[in-house]
Amino acid sequence: MMTSGLASPQIIAHLEKSLDYTIFDVRWIPCSARFVVVGSHARGTGALQVFEMGQKDLVCSKKYEKKDEIKCCTFGATALQDRHLATGNFKGRMETWDLEKGDMPVYSVKAHSEIINCIDGVGGLGIGLGAPEIVTGSRDGTVKVWDVRQENDPVAMMQPKESEAKRDCWAVAFGNTYTEAERVVAAGYDNGDIKLFDLRSMSVRWETNIKNGVCGLQFDRKDILMNKLVATTLEGKFHTFDVRVEHPKRGYPSVIEKAHKSTIWGVRHLPQNRDVYMTLGGNGSLCLWKYNYPKERTKQDADGVEFGVAGTVEQIQNVILGTQPLSGFDWSPDKEGLCVCSGFDQTVRVCIVTRLKSL
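Residues numbered from 1 in each chain as written. Predicted model: local features only at pLDDT ≥ 70, side-chain atom pairs only at ≥ 80, totals over all residues. Heavy atoms only, no water.

A. Representation of the overall build of the protein. What the protein contains, in helices and strands, is zero helices and 30 strands. For 359 residues, the compact-globule estimate of 2.2 N^0.38 gives 21 Å, and the protein sits close to it at 19 Å. C-alpha atoms of the protein, sized along the principal axes, occupy 60 × 55 × 35 Å. Looking at the protein residue by residue over its 359 residues, the buried ones come to 57%. Considering only contacts within the protein whose residues lie at least 6 apart along the sequence, 51% involve residues at least 24 apart. When the 45 basic and 45 acidic side-chain charges of the protein are each reduced to a single mean position, those positions are 3 Å apart. (Helix = DSSP H or I, 4+ residues; strand = E, 2+ residues; numbered from the N terminus. Rg over C-alpha atoms; globule rule 2.2 N^0.38 Å. Buried < 20%, exposed > 50% of the residue type's maximum accessible area, 1.4 Å probe, protein only. Contact = heavy atoms within 4.5 Å. Lys, Arg positive; Asp, Glu negative; His and termini not counted. Charge placed at Lys NZ, Arg CZ, Asp CG, Glu CD.)

Right, dumping it as structure tokens:
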């Protein structure tokens, strides 16, 4: 079901700019009208640019070229006064940058033996209790958690057992950081595995397989008791898990939707409303969704054990922005409805989503 008509939210492409390199990720700089773009030049070097919104165009205010191609980035672990960007590159190095003087990294570590596919941060920007930490996932099969106040060694590492085959980790996400002690990492792999690591007990809390490679993962909020987790996959499906109540046999309930008629490259929840989220399509489209809770989120089985009940997902709007896959997307944390996305057509676009308060 899709809501239609002028009364429903609209996705409007406001400004766009073509660049001369492959764009892999974009992020709004907190408390500003600027955003950062990272990617890869054809000559094998990394691109890092800062753009600000002009009257009729996107204006580049900072431009840096790095030795190695950059795959992913996050502001999730930085203090608001610093706004340091954490990046993962093709050579397995995780680095943080001061964007005002970005020639040399503030922090640098050889995090993985192969490319860092994905990164997330928590404990910064006033979001989530506990230490500021960064999680990285790599083609080498490992997921590592870093505290930039400690040099060289990760504070936690999740890797396959010696008897298990190494799987390419494509997506990571922090969640459940509602106390100083509680924190989980969700990791998605190329074979469809999703694993939920509990960093307090240092154990796998839950795992499942959704039969398609997991391209994107995100909790609806990082700083609350785990509520919902969305996983996007190859072949045009995404799963919305209700992760509040786990049944010992059934696990977490989920609802599955098909969209984009192509790979769904990622998902981003609206900062101002955790039940609204955007998915990125391999066909160059954006889809806006709203999750509706069931009348009863939990029921009891024949043995009196509580289990969760999944809700429904409603498509609110969609728009095709280009012919190439969309590689990155981020909502502005400060201005509701303002967003930026990047595509493999080497174009970055600022969009406006209207009427979000009506949802």
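B. Fine view of the pattern of salt bridges. Tallying each qualifying case throughout the model produces 20 salt bridges. Ionic pairing is found between Asp120 and Lys222, a salt bridge with its closest N-O pair at 3.0 Å. Taken together, the residues Asp120 in strand β10 (residues 116-122) and Lys222 in the loop between β18 (214-219) and β19 (228-233) connect sequence positions 102 residues apart. Between Arg167 and Asp190 there is a salt bridge, with its nearest N and O atoms 3.2 Å apart. With Arg167 in the loop between β13 (156-158) and β14 (169-175) and Asp190 in the loop between β15 (184-189) and β16 (193-198), the pair connects residues that are 23 residues apart, well separated along the chain. Bridged by salt links that share partners, the residues Glu16, Asp345 and Arg349 form one connected network. (Salt bridge = Lys/Arg side-chain N within 4 Å of Asp/Glu carboxyl O.)

C. The sheet that holds strand β9 (residues 107-110), seen in detail. A sheet is described by the order of its strands in space; here four strands give the open sequence β6-β7-β8-β9, paired in antiparallel fashion. One side of each edge strand has no neighbouring strand; the edge strands of this open sheet are β6 (70-74) and β9. Put simply, the sheet's adjacent strands are angled 20° from each other on average, direction ignored. As paired strands, strand β7 (residues 85-89) and strand β8 (residues 93-97) are joined by four bridges and run antiparallel to one another. Across the sheet, the residue bridging to Ala86 is Thr96, located in β8. (Pairing = 2+ DSSP bridges. Axes fitted to C-alpha atoms, helices over the stretch in contact; angles between N-to-C directions.)

D. Quick peek at the layout of surface pockets. What the second largest pocket holds in volume is close to 360 Å³. Lining the second largest pocket are 19 residues, with Gln159, Pro160, Lys195, Phe197 and Val204 sitting closest to its centre. Secondary-structure elements contributing two or more residues to the lining of the second largest pocket are β13, β16 and β17 (203-209). Broken down by element, the residue count for the lining of the second largest pocket peaks at four residues, all from β16. (1 Å grid on protein atoms, 1.4 Å probe; cavity = no way out; pocket = protein on both sides within 12 Å on 5 of 7 lines; lining within 4 Å. Points joined across faces, edges and corners; volume = space filled by probe spheres on them.)

E. Region of the structure containing the side chain of Asp198. Within the fold, Asp198 resides in strand β16. In this structure Asp198 comes out as buried when scored by relative accessible area, which is 6%. Only 2.8 Å separates the side chain of Asp198 from the backbone nitrogen of Arg200, close enough to count as a polar contact. Excluding anything up to four places from it in sequence, Asp198 contacts Arg183, Val184, Ser203 and Arg205. (Polar contact = N/O pair within 3.5 Å; in protein donor to acceptor, adjacent residues only side chain to side chain.)

F. Layout of the pairing of β14. For β14, the tally of buried residues reaches six of seven residues, placing the bulk of the element in the interior. As judged from the six bridges shared by β14 and β15, these two strands associate in the antiparallel manner. Across the sheet, residue Ala171 finds its bridge partner in β15, namely Gly188.

G. Structural detail: the side chain of Glu314. Note that Glu314 resides in strand β27 (residues 312-320). No salt bridge forms around the buried Glu314; measuring N to O, its nearest opposite-charge neighbour Lys290 is 5.9 Å away. Separated by 3.5 Å, the side chains of Glu314 and Asn292 make a polar contact.

H. Structural view of unusual backbone geometry. Even without being a glycine, Cys31 presents a positive backbone phi close to 55°. Residues other than glycine seldom take positive phi values, yet Asn176 does so here, at roughly 65°. When you line up the elements, Asn176 lands in the loop between β14 and β15. What makes Asn176 buried here is its relative accessible area of 2%.

I. Geometry of the packing of aromatic side chains. This structure, assessed with the given rule, holds 11 aromatic pairs. Ring plane angle 85° and centroid distance 5.2 Å describe the contact between Phe329 and Trp331, whose orientation is recorded as edge-to-face. Considered together, Phe329 and Trp331 belong to a single accessibility category, that of buried residues. Through pairs of rings, three or more aromatic residues link up here, namely Phe24, Phe90, Trp265 and Phe344. One cation-aromatic arrangement involves Arg183 over Phe174; the distance from NZ or CZ to the ring centre is 5.8 Å. Across the ring face of Phe307, the terminal group of Arg250 is positioned such that the distance to the ring centre comes to 4.1 Å. (Phe/Tyr/Trp six-rings, centres within 6.5 Å; stacked < 30°, edge-to-face > 60°. Lys NZ or Arg CZ within 6 Å of the ring centre and 35° of its normal.)

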